[in-house]
Amino acid sequence: MTSSIPSPPPPDAPPPTPDREPQPPDDLQPAPAASHNGPPQPQPVPAALASVDDAARTDYGEHHEENTQDYWAWRVSQRVGTNNGVVIGTLIEQGIRRLRGTTLTPKDITTHLRAYVRATDDDLAINKILTERRVVVLTGADGSGRFSTALDVLHRRLGDSDTIRQIRQVRREPGDPFEAGGLHEPDTGWILDLRAEKPPAGFGADLATDAAQLTQGSLLVVLIGTDAWENCATGATNLSHPLAGPSRDRILDKYLQHAPLTIDRSKWNDAPAIQRGIAALVPAQIAAWADAIVNTEEVERDEGRLTPDLINNDTYFEKLVQQVVKAAEDWRGELLDWHTNQQDSDYRNYLLAAAVLEGARSERIYEASTTLAKALKESPQPRPGQQGLGVVALTRKANADLQPDGTIRFQYHNYAEAVVDYFLDDRPHLLEEFTRWTADQVTGLNRDLAERLAQRVSHWVVHYTARHRRTRLLKSLADQWSTTYPDAACDLLVLAAVDDRSSDLARNAYRRWTSPETAPLSADFTAVLIRACCRLAEAHPVSMLGRIAELASSTHQNGDSKDPQTARVTQAVSEALNTLWDDSQQRAGIHHQLTTWTSDPHGSHRAAAQSTFAHLAQRRTSNGPALLTDPLTDTAWLTGMWRNALPTNGWSTPVAEAFAYWMDSALNHPELQENIEQIVCEAVHRTTDPHYNANRLIAVQNLLYSWAPAPPAPQDADATQLRDRILNRLRAQDPAAPPPADGHARHP
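Quick summary incoming for the structure in this document. Keep in mind that what you see is a predicted model, and the values were worked out from it rather than measured. Every chain is numbered on its own, with residues counted from 1 as its sequence reads. In keeping with the predicted nature of the model, local features appear solely for residues at pLDDT of at least 70, side-chain atom pairs appear and are counted solely at 80 or more, and the whole-chain, interface and lining totals rest on all residues. Only hydrogens and water are set aside; all other atoms, that is, all heavy atoms of the structure, feed into the side-chain values.

Some thoughts on the nonpolar core
The biggest cluster of nonpolar side chains holds 178 residues, and the ones touching the most others in it are Trp268, Ile274, Trp481, Leu493, Tyr510, Trp642 and Trp662. Excluding anything up to four places from it in sequence, isoleucine 274 contacts Leu252, Trp268, Trp289, Ile293, Val321 and Val324. To form a nonpolar core, buried Ala, Val, Leu, Ile, Met, Phe, Trp, Tyr and Cys residues must be joined to one another through side-chain atoms within 4.5 Å. Accessibility here uses a 1.4 Å probe with only protein chains present; expressed as a share of the type maximum, an area under 20% marks a residue as buried, one over 50% as exposed, and anything in between as partly exposed. Formed by 22 residues, the second largest nonpolar core is a distinct cluster that contains Ala180, Leu214, Ala236 and Leu239. Contacts are assigned to residue pairs that have any heavy atoms within 4.5 Å of one another.

This is the structure we're talking about:
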């Protein structure tokens, strides 16, 4: 597997809770089989075991029950293989908490290090550098264990005298400059994650120089790729250590240490085929082999074959080893042979439909294979009566089993996901059609089943995105779901952006999708992407606020403000910005970012500030605009924001709506009138301004007449009086304007 996110459960497998046994859903039924992720139900003793004496059978049954109960707990604790109830919401929360730089709790640390194996040579070298220089740079390939090693080294220094008291990940926007002096917390073990970045050439020298700026008692561990470090290591080679890691058999042994195995773990570890398979792997990849071993035993146990007689049979064990190898390698060779031999699309479509809907009833999968054929532009032959292939034949050919309850399950661990991966690699030109069909399958289920299937498919998509380093599938599925299942679409986008293997790719894609040069997104997809950016702003406030502002700007530039689709996007922008502003931890950051953007020479940043402020200015209270009473927003700041927001280069509907609300507030709340007038007038011209800007005057004139039109439009006396008073004040500020002869403002 290429992603740190565990594979998903079949949609029928809710985790058991202490006070409730898992209940079968309406359509997808739990059943003990190869890829069932929940605790297996007790199975009848097969006929083949009838000759075993009662004592041996009792021992086997007790051992079986004990192991199957432990199996659930092991998979959850090791965090390998299938999802086992770790739903997407939990994974998102964990990812965002890590990226925010929140202090890691003892539970977080213990959980992460549960399967970690310390390499003595690495440990001694790293601690020596930290003791001497307080900064160490860990280099290595993806999955080499840099984060876990950093966590282990810092964790063992927690609580000792004269050492660190907390561990935190440095919170920063990807690509932002880093300064050790900016880490103000004392006695802290910091982890700076640059695994997805390529720092500038002088980074190493700056790091070596800035090490002395670390606060008292603090340490810094930097994680970076080998090639990236070689390009910026000048002047700091003595700070780095390339991770070699422990022997691979030790890592596998650690994963299996508490596994509910019947066959001794040393026998599995010593198998030559397994030794060859893991020899060249990085530590993160070995988890898939441990999971394959445990799941292979579970399959055999469920089928009644893991008996005392067979477990000592060398031929039988070698057969199990080969199954482990195939499962750990995603069944690619097996599926290549299968597709070569089965060129009938009836078989292929049934296999793919069963993989997506594994655990569903046979009639649903049978019907889904027909709709899949149509979605892929095939013309399936009608199957009236008993014509054509039936469920039994199709299921057998798909290496699956028809369960007694009528559900379909594959015979092998991880086979369903491997089938989908194979299809996506084998038929990339059919990706759009496949994702559209997959989205239809989700929306055709009831809510509970739809959520489980959506989670399952989401994990596949993130795995695919991370492995292939492209986001076409991610965008296609999120777009499809945005119309019919927007919550799942939002979760998918957020999950891809916090997973440590796909995060940089996903965030860069979101920036491309929101740029003005890119083809406009649908209104539904834009609204979902805005929601996703709002959630991601907890970890990346600046970049995600920028994405939201860019989407708001492009929507109003390309769409009619009265169009329902545009209105939907506007509503999503308002909700997102209000959510962020209501968060006390986010508000100061937004305030600072808007201030920075308004003085930025880049027009795109000023446009982002205009759009963001226009929405925030419409925040309402019973006493008028919320920004007027916010302790962060004084008159000077509001004046600067309104100055930047004035539409001097074209009309802006959000700005006009915000301006109209402030004018209405001036009428409805007389105590605010003078303050609002002052803000509007100084937004055009301050006495300290070196020049008078006529474009700003014209912009305010247009806004005023948009709010209170001139005849023949109906006239409101109070609005007209306020409008003309502000216009007179504005003209009085213009050093080149003659005073009006009649004391009334002239209409532009």
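A look at the packing of helix α19 (residues 447-468) against helix α20 (residues 472-484)
In contact at an axis separation of 9 Å, α19 and α20 are set at 155° when each is read in the N-to-C sense. The angle between α19 and α20 places the two elements in the roughly antiparallel class. Together, Ala454, Val457, Ser458, Val461, Tyr464 and Thr465 of α19 and Leu473, Leu474, Leu477 and Trp481 of α20 make up the contact between the two elements. In this count, Pro and Cys sit with the nonpolar residues alongside Ala, Val, Leu, Ile, Met, Phe, Trp and Tyr, while Asp, Glu, Lys and Arg are called charged and the others, Gly among them, polar. By residue class, the composition of the contact of α19 with α20 is eight nonpolar, two polar and no charged. Note on geometry: axes are C-alpha line fits, over the in-contact stretch for helices, and angles between N-to-C directions span 0 to 180 degrees. For the purposes of this entry, the term helix denotes a DSSP run of H or I that reaches at least four residues, the term strand denotes a run of E that reaches at least two, and both are numbered from the N terminus. Small angles under 35 degrees read as roughly parallel and large ones over 145 as roughly antiparallel, with 65 to 115 read as roughly perpendicular and the rest as oblique.

Considerations on helix α6 (residues 203-210)
Three or more residues of α6 are buried, namely Phe203, Gly204, Leu207 and Asp210. Buried residues of α6, viewed axially, fall in a sector of 135°; they line one side. Starting at the helix axis, one direction is taken to each C-beta atom, and the arc is that of these directions.

Thoughts on the packing of helix α32 (residues 694-707) against helix α33 (residues 717-733)
Here α32 crosses α33 at 175°, and the two axes come no closer than 10 Å. If you check the angle between α32 and α33, you find them roughly antiparallel. Contacts between α32 and α33 involve Leu697, Val700, Gln701, Leu704, Tyr705 and Trp707 from the first element and Ala719, Leu722, Arg723, Asp724, Ile726, Leu727, Leu730 and Arg731 from the second. Classifying every residue of the contact of α32 with α33 by side-chain character gives 10 nonpolar, one polar and three charged.

With respect to the sheet that holds strand β4 (residues 219-225)
Whether two strands pair depends on DSSP finding at least two bridges between them. Ordered by their spatial adjacency, five strands build an open sheet running β2-β3-β4-β1-β5, and the pairing between neighbours is parallel. Strands with a single pairing partner mark the edges of an open sheet, and in this sheet they are β2 (166-169) and β5 (240-242). Strand-to-strand twist in this sheet, taken as the mean axis angle between neighbours without regard to direction, amounts to 20°. Bridge count between strand β1 (residues 135-140) and β4: six bridges; the pairing is parallel. Paired with valine 137 across the bridge in β4 is valine 222. Relative to β1, helix α4 (residues 120-133) is tilted by about 145°, and along the sheet it contacts β1, β4 and β5. Where helix α5 (residues 146-155) meets the sheet, its contacts fall on β1, β2, β3 (188-194) and β4, and the angle it forms with β4 comes to roughly 170°.

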